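Descriptive analysis of the structure
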Amino acid sequence: MRLHRCEGCLAACGRQRRPAPLITLPRTLGAKSKILKRTKRSTCPSMSKSNCVNMAEPSPPTPPDNDAPPMPWFGMDIGGTLTKLVYFEPRETNRRELDKETEVLKNIRRYLTRNSAYGKTGRRDVHLQMDNVTIRGRRGTLHFIRFPTSEVGAFLQLARSKGMADLVNTIYATGGGAYKFEEDFIKEVNMRLSKMDELDALIAGVLFVDGMNAQECYYWAPPDELPVHSHQTSAPPYSEVALSMYVRKPFDFSNPYPFLLVNVGSGVSVLVVNAPNDYYRVSGTSLGGGTFLGLCCLLTGCSSFEEAIALAAAGDNTTVDKLVRDIYGGDYARFGLPGDLVASSFGQMCSADRRAKVSRCDLARATLVTITNNIGSIARLCASNEHIERVVFCGNFLRVNPLSMKLLSYAMSYWSRGALKALFLEHEGYFGAVGCLLHLDVKHQRRSRHSPPADSQADRSGT
Ligand SMILES: Nc1ncnc2c1ncn2[C@@H]1O[C@H](COP(=O)(O)OP(=O)(O)OP(=O)(O)O)[C@@H](O)[C@H]1O
Ligand SMILES: CC(C)(CO)[C@@H](O)C(=O)NCCC(=O)O
């Protein structure tokens, strides 16, 4: 069993990560989520606590699937900032593959699974690895790899040097980069990109991963779980002191609909999800993770997301922002605006004196708070317009960023007087790539079995 490492988590959570239970990928996306939901609630014995412990027991052998697409299986999400690659490593090699398995395939597997860093910027998120996943009757491990999209050229060179191009002629890809870099893939490594819509892939990935990992969905709350607006503490409820008390708790997402999905990537998309194949994009904002990082680089001279987050964690936004009390001298009680609330983000920075005194950490913190609160406000308005109570935040902006998660949790709860719940997902920014990997299954199936087109958004996507 792997010990969960909550990267960047302020509190060392030290909880044990359970191996993912055995799930069979169903035939269509529509059926898939229904089956996953049913499985998670009742029919899959491995989902119960005792059975999850039993996952260490030997599982039945994987049935041979002569119809499966050839290995290696990848799903790729080429986003505005980061490219995410999900690799399925089969546990056993079937007879057909034993005959056929080339040195190249073995080398690729070894290279991907024995390293956690690739070149200068590629990283495998080992703590997110999912063991004992079953896709198309094949049991194996999902590996999660990311690199900056600006390094796609280096990735293509690596793919060529590892001989991947000789083995794989089609990569299943999503995200804007699947369109933008299509010709580069053909020119550089003679690989075709089979494209899937990024929001279809995102939802398919969220439902699949949540179905496999009982601990996927969680929330942050004060230890006593009292609604945040009823707290009577000396410190403002959104201060460092109050937020540092928040603890992470698992949330049972087995009955998810409807929910609002807020994907905070470079930009932000807000989706209303009513059912696996019934969703729409209700809103979005260009003020997202890319804005946070871009502004932080400009204002502080930092050069990485991790550095920006570390600066923000050590900063104080009240030296940068203008608070209600800076304007009113206290609360604006008539309309319920506490004195500690930010009245104007960066509102102090018009003063030359204050600019001279401000620190890099404070600037990073104010940038984080500004972007996070804006996303929170948009999400809250969308949720109340759509009469939705559960707001699920995902995307890599939340990576190693518990501060934003806690701020969002506080804001959702406070401004809705406890009606809205902010939820988070462990595999943050990888769902699009997972959705793509599943699409590989659906597409191959359709090609090989001549089955009628599945009634799913994924199947209507521009592939
Ligand atoms: N190592 C990192 N390098 C750069 N940005 C990072 C990193 N880790 C987290 N981030 C944050 O994640 C954001 C990108 O998130 P994500 O990968 O979900 O979106 P994307 O797919 O690149 O963008 P979009 O969906 O808008 O095309 C960045 O803008 C940044 O705020
Ligand atoms: C353009 C996408 C969908 C690319 O992932 C994303 O960055 C986004 O949703 N941006 C916000 C665009 C808007 O203002 O609605």
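An unreviewed UniProt entry lists the protein chain under the name pantothenate kinase, with Arctia plantaginis as the source organism. You can read under Sequence similarities (unreviewed entry) in the UniProt record for the protein chain the words "Belongs to the type II pantothenate kinase family." We quote the UniProt Pathway (unreviewed entry) comment for the protein chain here in full: "Cofactor biosynthesis; coenzyme A biosynthesis; CoA from (R)-pantothenate: step 1/5."

In this structure the tally under the stated criterion is zero disulfides. Cys296 provides the cysteine sulfur closest to Cys350, a residue in no disulfide bond, and the two sulfurs are 20 Å apart. As a non-bridged cysteine, Cys382 has Cys394 as the owner of its nearest cysteine sulfur, 14 Å distant.

Residues lying three or four places apart along an α-helix face the same way, a consequence of the helix completing one turn every 3.6 residues. What helix α5 (residues 152–161) keeps buried is the set Val152, Phe155, Leu156 and Ala159. Here the buried residues of α5 occupy an arc of 100° about the axis, which is enough to place them on one side. Facing away from the buried surface of α5 by more than 90 degrees, the exposed residues are Gln157 and Ser161. Residues of α5 that are buried sit in contact with β1 (73–78), β2 (82–90), β6 (138–148), α6 (164–167) and α8 (182–189).

Take the pattern of salt bridges next. If the charged atoms of two oppositely charged side chains come close together, the side chains can form a pair. Within the structure shown, the criterion is met by 10 salt bridges. One salt bridge in this structure joins Glu103 and Arg110, with 4.0 Å as the shortest N-O distance. Residue class for Glu103 comes out partly exposed when judged on its relative accessible area of 49%. Here the salt bridges do not stand alone but share partners, grouping Glu103, Lys106 and Arg110 into one network.

Below, the discussion takes up the site of ligand 2. Around ligand 2, the neighbouring residues are Glu198, Gly267, Val268, Ser269, Arg281, Gly284, Thr285 and Ser286. Contact between ligand 2 and Val268: an oxygen atom at 3.3 Å from a main-chain N or O atom of the residue. In the environment of ligand 2, an oxygen atom lies 2.7 Å from a nitrogen or oxygen atom belonging to the side chain of Ser269. Those elements that provide at least two residues to the shell around ligand 2 are β12 (268–275) and β13 (278–285). Sorting elements by how many residues they give to the shell around ligand 2 places β13 first, with three residues. Taken together, the residues of the shell around ligand 2 sort by class into one nonpolar, five polar and two charged.

Within strand β16 (residues 390–394), four of the five residues are buried, leaving the element largely enclosed by the surrounding structure. Looking at chain direction, strand β11 (residues 259–264) and β16 are connected through four bridges and run parallel. The residue bridging Asn263 from the neighbouring strand is Cys394, located in β16. Tracing the backbone out of β16, into helix α16 (residues 402–415) and back to the parallel element strand β17 (residues 421–425) gives a crossover that is right-handed.

Further remarks concern the site of ligand 1. Taken together, 19 residues sit near ligand 1, with Gly80, Thr81, Lys84, Ser266 and Arg399 positioned nearest. Note that an oxygen atom of ligand 1 is positioned 2.9 Å from one of the backbone N or O atoms of Gly289. Between ligand 1 and Phe397 there is a distance of 3.3 Å, counted from an oxygen atom to a backbone nitrogen or oxygen. If ligand 1 stood free it would expose 660 Å²; the protein chains cover 88% of that surface. Mapped onto the shell around ligand 1, the elements with two or more residues apiece are β2, α11 (289–300) and α12 (305–313). Top element by residues in the shell around ligand 1 is α11. It accounts for three residues.

Attention shifts here to the pairing of strand β5 (residues 130–135). Taken across its six residues, β5 has five buried, putting it largely inside the fold. Taking the residues between adjacent antiparallel strands as the criterion, β5 and β6 are bridged by two residues, where Arg136 takes a positive phi near 50°.

Thresholds, definitions, all that
- Residues numbered from 1 in each chain as written.
- Chains lettered and ligands numbered in written order.
- Predicted model: local features only at pLDDT ≥ 70, side-chain atom pairs only at ≥ 80, totals over all residues.
- Heavy atoms only, no water.
- UniProt positions renumbered as here; feature names shortened; annotations may be inferred.
- Disulfide = S-S within 2.5 Å.
- Buried < 20%, exposed > 50% of the residue type's maximum accessible area, 1.4 Å probe, protein only.
- Helix = DSSP H or I, 4+ residues; strand = E, 2+ residues; numbered from the N terminus.
- Arc of directions from axis to C-beta.
- Contact = heavy atoms within 4.5 Å.
- Salt bridge = Lys/Arg side-chain N within 4 Å of Asp/Glu carboxyl O.
- Near = heavy atom within 4 Å.
- Polar contact = N/O pair within 3.5 Å; in protein donor to acceptor, adjacent residues only side chain to side chain.
- Nonpolar A, V, L, I, M, F, W, Y, C, P; charged D, E, K, R; others polar.
- Pairing = 2+ DSSP bridges.
- Right-handed = clockwise from strand over helix to strand, strands pointing away.
- Areas by Shrake-Rupley, 256 points an atom, 1.4 Å probe, with all protein chains shown as cover.

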